[in-house]
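Each chain is listed here by its residues.
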Amino acid sequence: MRTETESTRNYSELLRTAQWLERRKQILKRDGYRCRNCGSSYGLEVHHRQYHLTRRTGDFRKPWKYDAANMITLCARCHQVGHAKYKVPVFNV
Ligand SMILES: [Zn+2]
Ligand SMILES: [Zn+2]
């Protein structure tokens, strides 16, 4: 069983990979480089609407392997508020 700290650290490492940066760019472009919540173009981040846990391996799907429909561009502020308000649903896949 992994500790929360370890999985969070691993996750932020994944978000520095070339694969993620490329995928992130595609989503930002799709959303017109604007926050889909407030329209800001400052401090944009890509949010996952769902997390997928692979039953077979017990690992989360790599962040760049999600469908574009499960990702949305948010500014840092809306992103933070959203995470504080809602829990991202986890699906077993
Ligand atoms: Zn926003
Ligand atoms: Zn998020």
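Analysis parameters
Residues numbered from 1 in each chain as written. Chains lettered and ligands numbered in written order. Predicted model: local features only at pLDDT ≥ 70, side-chain atom pairs only at ≥ 80, totals over all residues. Helix = DSSP H or I, 4+ residues; strand = E, 2+ residues; numbered from the N terminus. Buried ≥ 20, exposed ≤ 12 C-beta atoms within 10 Å, placed from the backbone. Contact = placed C-beta atoms within 7 Å. Expected span 1.5 Å × (residues − 1). UniProt positions renumbered as here; feature names shortened; annotations may be inferred. Pairing = 2+ DSSP bridges. Core = buried A, V, L, I, M, F, W, Y, C linked by C-beta atoms within 7 Å.

**Things to note about the overall build of the protein chain**
So, step 1. Tallying secondary structure elements over the protein chain gives 3 helices and 5 strands in all.
So, step 2. The order of α-helices and β-strands along the protein chain, N terminus first, is α-α-β-β-β-β-α-β.
So, step 3. Burial statistics for the protein chain: of 93 residues in total, 11% are counted as buried.
So, step 4. Residue pairs at least 24 apart in sequence account for 70% of intrachain contacts in the protein chain once pairs closer than 6 positions are excluded.

**Looking at helix H2 (residues 18-30)**
Given 3.6 residues per helical turn, the α-helix brings residues three or four places apart onto the same face.
So, step 1. Spanning 13 residues, H2 covers 19 Å between terminal C-alpha atoms, matching the ideal 18 Å at 1.5 Å per step.
So, step 2. Gly32, located one to two residues past H2, shows a positive phi value of around 70°.

**Description of the UniProt feature "domain: HNH nuclease" (unreviewed entry) in the protein chain**
So, step 1. According to UniProt, the "domain: HNH nuclease" (unreviewed entry) feature falls on residues 22-80.
So, step 2. As annotated, residues 22-80 has a helix share of 24% and a strand share of 27%, and its two end C-alpha atoms lie 22 Å apart.

**Description of the sheet that holds strand E2 (residues 51-54)**
So, step 1. The strand order across the open sheet built from 3 strands is E3-E2-E5, with neighbouring strands paired in mixed fashion. With one partner strand each, in any of the chains shown, strand E3 (59-60) and strand E5 (90-92) form the two edges of the open sheet.
So, step 2. Bridge analysis of E2 against E3 gives 2 bridges, and the strand direction is antiparallel. Note on E3: the bridge partner recorded for Thr54 is Asp59.

**What about the pairing of strand E4 (residues 71-75)?**
So, step 1. For E4, a buried count of 5 out of 5 residues is recorded, marking the element as mostly surrounded by other parts of the structure.
So, step 2. What you see with E4 is no split at all: Met71, Thr73 and Cys75 on one side and Ile72 and Leu74 on the other are buried throughout.
So, step 3. As paired strands, strand E1 (residues 44-48) and E4 are joined by 5 bridges and run antiparallel to one another. Within E4, the residue paired with Val46 across the bridge is Thr73.

**Description of the pairing of E2**
So, step 1. By the bridge criterion, 3 bridges tie E2 to E5 in an arrangement that is parallel. The partner of His52 across the bridge, within E5, is Phe91.
So, step 2. The antiparallel hairpin formed by E2 and E3 contains 4 residues in its connecting segment, where Gly58 sits at a positive phi of about 75°.

**Remarks on the nonpolar core**
So, step 1. Grouped together as the largest cluster of nonpolar side chains are 9 residues: Ile27, Cys35, Leu44, Val46, Met71, Ile72, Leu74, Cys75 and Cys78.
So, step 2. Broken down by secondary-structure element, the contributors of at least two residues to this core are E1 and E4.
So, step 3. Top element by residues in this core is E4. It accounts for 4 residues.
So, step 4. Setting aside residues up to four positions removed in sequence, Met71 forms contacts with Ile27, Val46, His47, His48, Arg49 and Tyr66.

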